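Secondary and tertiary structure notes
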Amino acid sequence: MRKDVASKAMPDFRKPAFRDTLALLVDKHLDLASAYLTTLTALTLGLECEFIRAADGSADQGFTGLKEFPLPVFYKVSSGPESDYFWGSVSTTRWDPKMAMLTRSKVMTRNTLAAAGIQTAFGGLATAKKMVVLDEMAKVGISRVLVKPNHGSRARGIMANITLAEARAHIEAHPDEQFVAEQYIVGTEYRIFTVGGDFCECYAKLRDHVVGNGRKPVAQLLKEKMLSQLSNPDSRAHAKRNKSKAQYLVDAGMPPDYVPKLGEFVWLTDDLIPKSRNGLYEAPQVSDQIKQLTREICTCLNADSVAIDLIDRGEEGSYILEINAKPGYSGMCFPANAPWNLRLPEAMLRNSLPNHKDNVRRVKSYNFLKLLEAYRSQSNIPSFFAKDFVEFE
């Protein structure tokens, strides 16, 4: 059982100072959001945090390729003589640079996992000049596919459940890009976070939706969801830009006074790509088989703390979609269906600093935006300490 100390002393993120800061960072740059949450957790546990401008080859293992960081996303966390370096959400001294480079390519990751006997969706690399993989899928009877950029994240540029002809046309329309074309698989999609090479946290990724309770009409459920998303720092910025799904329901022929049955899902979009912001916390329900699979993946890739996207098909097993070596995790800390928490960043910190003795301090304010401004405007200063921008209760 992992410790969960910081969550009990977590600031109230319903307050605008905390909510709006994180909402802005999530919308601006996920590495900033991760740095904010990780250092907030570290400060709560009594750790020291120093944001460092110049990249140190020994600290980041040369993987970043940066001489200096333009934003405060690279930082040192210390407990007495014990310390570790982080870039966004991950320890740079605990990742394998080869693993980080490998996972930049979805095709290379897929091939490595498949060679180790780990199940992945049928597919491969496709370009406008070479679409052999589409021909191979046609030969084995695959008719519906998913196409996504070979290098990409946050579900951008993905087309799901399309025909082989539609996939071919899409790839031909982008002659300068590389794509992964794979069998479209229906199942429960999970994002799993590992720490120390083992299962840590998980949520199920879903399309935008509301769930019926047998009493409230869909219009009321939709209004309540919007208010909930606006109060949640992880989904706030997106909700403000997408103020209403009511028109989609009208176009779909669903009257606003329709009362969904208890547990009935009402989808609010035609987009078939599950999104993290619609995720539901699922860690307690995840099977032992999936947990064992995550350990096998970490062993195969020599991975410590990563995010694994997979589709579970029950008795048929799970299909690995991709691995993210430096994931954002604000959605894991602020789920729509469970208490907000700091469990994941705390687990990462304890993984790096196992001998730390807690000195829990409740953070009253953390002016990360002022730190960000100082970091940008005072380029002659090599580092900034988080404690100079925080007030404790």
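Structure shown above.
First, a word on what this report is: a plain description of the structure on this page.

Conventions used here
- Residues numbered from 1 in each chain as written.
- Predicted model: local features only at pLDDT ≥ 70, side-chain atom pairs only at ≥ 80, totals over all residues.
- Heavy atoms only, no water.
- Buried < 20%, exposed > 50% of the residue type's maximum accessible area, 1.4 Å probe, protein only.
- Helix = DSSP H or I, 4+ residues; strand = E, 2+ residues; numbered from the N terminus.
- Pairing = 2+ DSSP bridges.
- 1 Å grid on protein atoms, 1.4 Å probe; cavity = no way out; pocket = protein on both sides within 12 Å on 5 of 7 lines; lining within 4 Å.
- Points joined across faces, edges and corners; volume = space filled by probe spheres on them.
- Nonpolar A, V, L, I, M, F, W, Y, C, P; charged D, E, K, R; others polar.
- Axes fitted to C-alpha atoms, helices over the stretch in contact; angles between N-to-C directions.
- Contact = heavy atoms within 4.5 Å.

Section: the pairing of strand β15 (residues 318–324)
Across the seven residues of β15, seven count as buried, placing the element largely inside the fold. The pairing of strand β14 (residues 307–312) with β15 spans six bridges and is antiparallel. By the bridge assignment, Ala307 is partnered in β15 with Asn324. Adjacent in sequence and paired antiparallel, β14 and β15 are bridged by five residues, among which Gly314 carries a positive phi angle near 65°.

Describing the layout of surface pockets
Reported here for the second largest pocket is a volume of approximately 440 Å³. Taken together, 24 residues line the second largest pocket, and the ones lying closest to its centre are His209, Lys225, Ser228, Leu280 and Ala336. When contributions to the lining of the second largest pocket are tallied by element, the ones reaching two or more residues are β11 (209–211), α8 (218–231), β13 (275–281) and α12 (330–333). Considering only residue class, the lining of the second largest pocket consists of 10 nonpolar, 10 polar and four charged.

Structural notes on the sheet that holds strand β6 (residues 144–149)
One open sheet accounts for four strands, arranged β5-β8-β6-β7; its pairing is antiparallel. On the outer flanks of this sheet lie β5 (123–126) and β7 (159–163), each paired with one strand and no other. Mean inter-strand twist for the sheet, computed between neighbouring axes without regard to direction, equals 30°. With four bridges joining them, β5 and strand β8 (residues 179–183) adopt antiparallel strand pairing. When the sheet's bridge partners are listed, Gly123 is paired in β8 with Glu182. Against the sheet, helix α6 (residues 132–139) makes contact with β5, β6 and β8, and its axis sits at roughly 5° relative to β8, the strand it touches most.

Details of the sheet that holds strand β1 (residues 48–52)
Pairing is antiparallel in the open sheet, where five strands are placed in the order β4-β3-β2-β1-β17. Bordering the open sheet on either side are β4 (90–91) and β17 (383–385), each of which pairs with just one other strand. Where strand β2 (residues 74–79) and strand β3 (residues 82–87) come together, six bridges link them in antiparallel fashion. Along β3, the bridge assignment pairs Phe74 with Trp87.

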